[in-house]
Amino acid sequence: MAAESFAYNLLNDNLEEMAKTGCRPTHTLWLNSNHQDLKSRLRENPFQFPAFGQVGYNDMPYDDNWKTLKGKLVVGSIVELNRLLEANPALITQLQTAFGSAGELDLVSGGPPCQSFSMAGKRMRDCEKNSLPWAFARFVELTNPKIALLENVTGILRPFTDSEGNLFHAWYEVAKVFASIGYVPLCLHVNARLAGVAQNRPRFIMIAVRRNHLEQLLIRELQSEVPLFEQPLRFYELVQAQQEKLPFGQLDFIDATSTSGHSVLKQSFLRGLVDNNEVSVQEALDDLKQNHASQPSAFVTELNNTFEPFLMGPRFAGSLFNHEHRKNSPLVQRRFRLYQVLQQVNN
């Protein structure tokens, strides 16, 4: 579903309509699928994707012309994507050089699924879902970007208890892995509302900067930020010496929701994460009304002005909307209204 939304909004691939008409998408490719037709692929359970190169169907270039993947959306598992990269050094080169257009890859950004780290999850150390931050780290190691950005729920900051009763600090172990592959990790606890987003959404973010790139930044552009990176740099050197044996407690995360952490970030190059006017839900949603609609707020207007150049296709001509009104039948509308009433009376 995430890929379908991304393709619709940013690549002008309306996958649902293409599936009805039997067309093939031009910018959205499957790493591997059990199905050849698009309609079946859109209803496929991602947990049942076949292993790459064994069975099923894929849209990868058969002639190893990896440059054709530039600007494309690839749908699939990062585990299988890593296997594809490991088997094709030429593709690794294309990604490391940003398809030859920018010299080096600037950024790899990822949010590995968080069910096992969430406080609402089972919080089990030896869960398969917990392996995806490490798969993300492997992708970063293969593509070698200047900066890697990892985002997750704040539950990752609270330790697990393993089967032997030992505490397992997932965020710390992830930071160790990134340090072991050549990246200096700056770990943050932030909240989207402080960055001007109309959501109360606390998150863990790790900004991992490649060691040699950080040296250049601290010399050229971030001289005043040296204190911010002092502890992450010491942590990096300790990991080089001790690797996975490094005990917990050698790296802290900056808590932007605390007074001291907020002050530190407000005076740094990351001030944009904490130094914005908070936006109310009313300001974010005031253009949703069908009757007697208000004028779009400054927040909505800024969103439209920001993203309009990137939205493709005739459907975005003229006014932009952050929603589409549901086309539910009157019966369905009444049923959901009953649900709302029952919820309000707590019965």
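As the structure is a prediction and not an experimental result, all values here were calculated from the model. (Residues numbered from 1 in each chain as written. Predicted model: local features only at pLDDT ≥ 70, side-chain atom pairs only at ≥ 80, totals over all residues. Heavy atoms only, no water.)

K.L.:
Quick question: what am I supposed to make of the overall build of the protein here?
P.N.:
From N to C terminus, the protein includes 13 helices and nine strands. Expressed as a percentage of its 347 residues, the buried residues of the protein come to 37%. Within the protein, contacts between residues separated by at least 24 positions form 62% of all contacts whose residues are at least 6 apart in sequence. Entry remark: accessible area of the protein is about 20,700 Å², with carbon and sulfur atoms responsible for 52%. (Helix = DSSP H or I, 4+ residues; strand = E, 2+ residues; numbered from the N terminus. Buried < 20%, exposed > 50% of the residue type's maximum accessible area, 1.4 Å probe, protein only. Contact = heavy atoms within 4.5 Å. Areas by Shrake-Rupley, 256 points an atom, 1.4 Å probe, with all protein chains shown as cover.)

K.L.:
How should I be thinking about a nonpolar patch on the surface in this particular structure?
P.N.:
A cluster of nonpolar side chains, namely Phe336, Leu338, Tyr339, Val341, Leu342 and Val345, defines an oily patch on the protein surface of about 580 Å² accessible area. Counting through the fold element by element, Phe336 comes out in helix α13 (residues 330–344). Phe336 sits in the partly exposed class, given a relative accessible area of 44%. (Patch = residues over 30% accessible without salt bridge, like charges linked within 9 Å, V, L, I, M, F, W, Y side chains within 5 Å. Salt bridge = Lys/Arg side-chain N within 4 Å of Asp/Glu carboxyl O.)

K.L.:
Just checking my understanding: could you explain the nonpolar core for this structure?
P.N.:
Within soluble globular proteins, side chains that are nonpolar tend to cluster in buried spots. Within the largest apolar cluster, 60 residues are counted, with the highest numbers of intra-cluster contacts made by Phe178 and Met206. Take this core: its biggest share by element is seven residues, from helix α7 (residues 170–180). If we ignore the near neighbours within four places in the chain, the residues touching Phe178 are Phe136, Ala137, Val140, Ala148, Leu150, Tyr183, Met206 and Ala208. Core analysis: the second largest hydrophobic core is formed by 10 residues, Leu11, Leu15, Ala19 and Val75 among them. (Core = buried A, V, L, I, M, F, W, Y, C linked by side-chain atoms within 4.5 Å.)

K.L.:
I tried to follow the pairing of strand β4 (residues 147–152) on my own but got confused; where do I start?
P.N.:
Residues in a regular strand point their side chains to alternate faces of the sheet. Burial of the side chains of β4 is restricted to one face: Ala148, Leu150 and Asn152 are buried, whereas none of Ile147, Leu149 and Glu151 on the reverse face is. In this sheet, β4 lies alongside strand β3 (residues 107–110) in parallel orientation, the contact comprising four bridges. Looking across to β4, one finds that Leu107 is bridged to Ile147. Sheet topology note: the β4/strand β8 (residues 202–210) ladder contains six bridges and is antiparallel. The residue bridging Leu149 from the neighbouring strand is Ile207, located in β8. (Pairing = 2+ DSSP bridges.)

K.L.:
Sorry if this is basic, but what is going on with the sheet that holds β8 here?
P.N.:
Strand pairing in a sheet relies on backbone hydrogen bonds, with the paired strands running either antiparallel or parallel. Spatially, five strands are ordered β3-β4-β8-β7-β9 in an open sheet, and the strand pairing comes out mixed. At either margin of the open sheet sits one strand with a lone partner, and together these are β3 and β9 (254–255). For strand β7 (residues 183–191) and β9, the ladder comprises two bridges, and the chain directions are parallel. Across the sheet, residue His189 finds its bridge partner in β9, namely Asp255. Of the strands in this sheet, β4, β7 and β8 touch α7, which is tilted by about 150° from β7. (Axes fitted to C-alpha atoms, helices over the stretch in contact; angles between N-to-C directions.)

K.L.:
How should the packing of α7 against helix α9 (residues 226–242) be read in this particular structure?
P.N.:
In a pair of packed helices, the angle between the axes and the distance between the axes together describe the arrangement. Packing of α7 against α9 leaves a shortest axis separation of 9 Å and a crossing angle of 75°. As far as their axial angle goes, α9 and α7 are roughly perpendicular. On α9, the residues touching Tyr172, Ala175, Lys176, Ala179 and Ser180 of α7 are Phe235, Tyr236, Val239 and Gln240. Partitioning the contact of α7 with α9 into residue classes produces six nonpolar, two polar and one charged. (Parallel < 35°, antiparallel > 145°, perpendicular 65-115°, else oblique. Nonpolar A, V, L, I, M, F, W, Y, C, P; charged D, E, K, R; others polar.)

K.L.:
Sorry, what's going on with the environment of Arg83 here?
P.N.:
The topology assignment puts Arg83 in helix α4 (residues 78–87). Judged by its relative accessible area of 45%, Arg83 is partly exposed. The sequence separation of Arg83 and Ala51 amounts to 32 residues, and the corresponding C-alpha distance is 9.3 Å.

K.L.:
Looking at this model, I keep getting lost on the packing of aromatic side chains. Mind explaining?
P.N.:
The relative placement of two aromatic rings is captured by the distance of their centres and the angle of their planes. In total, this model carries nine aromatic pairs according to the counting rule given. Taking 5.5 Å as the distance between ring centres and 65° as the angle between the ring planes, the aromatic pair formed by Tyr172 and Phe235 counts as edge-to-face. With Tyr172 in helix α7 and Phe235 in helix α9, the pair connects residues that are 63 residues apart, well separated along the chain. Each of the two residues, Tyr172 as well as Phe235, counts as buried. An aromatic cluster is built from Trp171, Tyr172, Phe204, Phe235, Phe248 and Phe253, whose rings are joined through pairwise contacts. (Phe/Tyr/Trp six-rings, centres within 6.5 Å; stacked < 30°, edge-to-face > 60°.)

K.L.:
Please clarify how the packing of helix α6 (residues 132–143) against α7 should be interpreted in this entry.
P.N.:
Running from N to C, α6 and α7 cross one another at 15°; their axes reach a closest spacing of 10 Å. On the basis of their axis angle, the class for α6 and α7 is roughly parallel. Seen from above, α6 lies across α7 with right-handed handedness. Side by side, α6 and α7 meet where Pro133, Trp134, Phe136, Ala137 and Val140 of the first sit next to Glu173, Val174, Val177 and Phe178 of the second. Taken together, the residues that form the contact of α6 with α7 break down as eight nonpolar, no polar and one charged. (Left-handed = near helix turned anticlockwise from the far one by under 90°.)

K.L.:
Help me out: how do you make sense of helix α8 (residues 211–220) in this one?
P.N.:
Because each turn of an α-helix spans 3.6 residues, side chains separated by three or four positions end up pointing in the same direction. The complete set of buried residues in α8 reads His213, Leu214, Leu217 and Leu218. An end-on view of α8 places all buried positions within 135° of arc, on one side of the element. (Arc of directions from axis to C-beta.)

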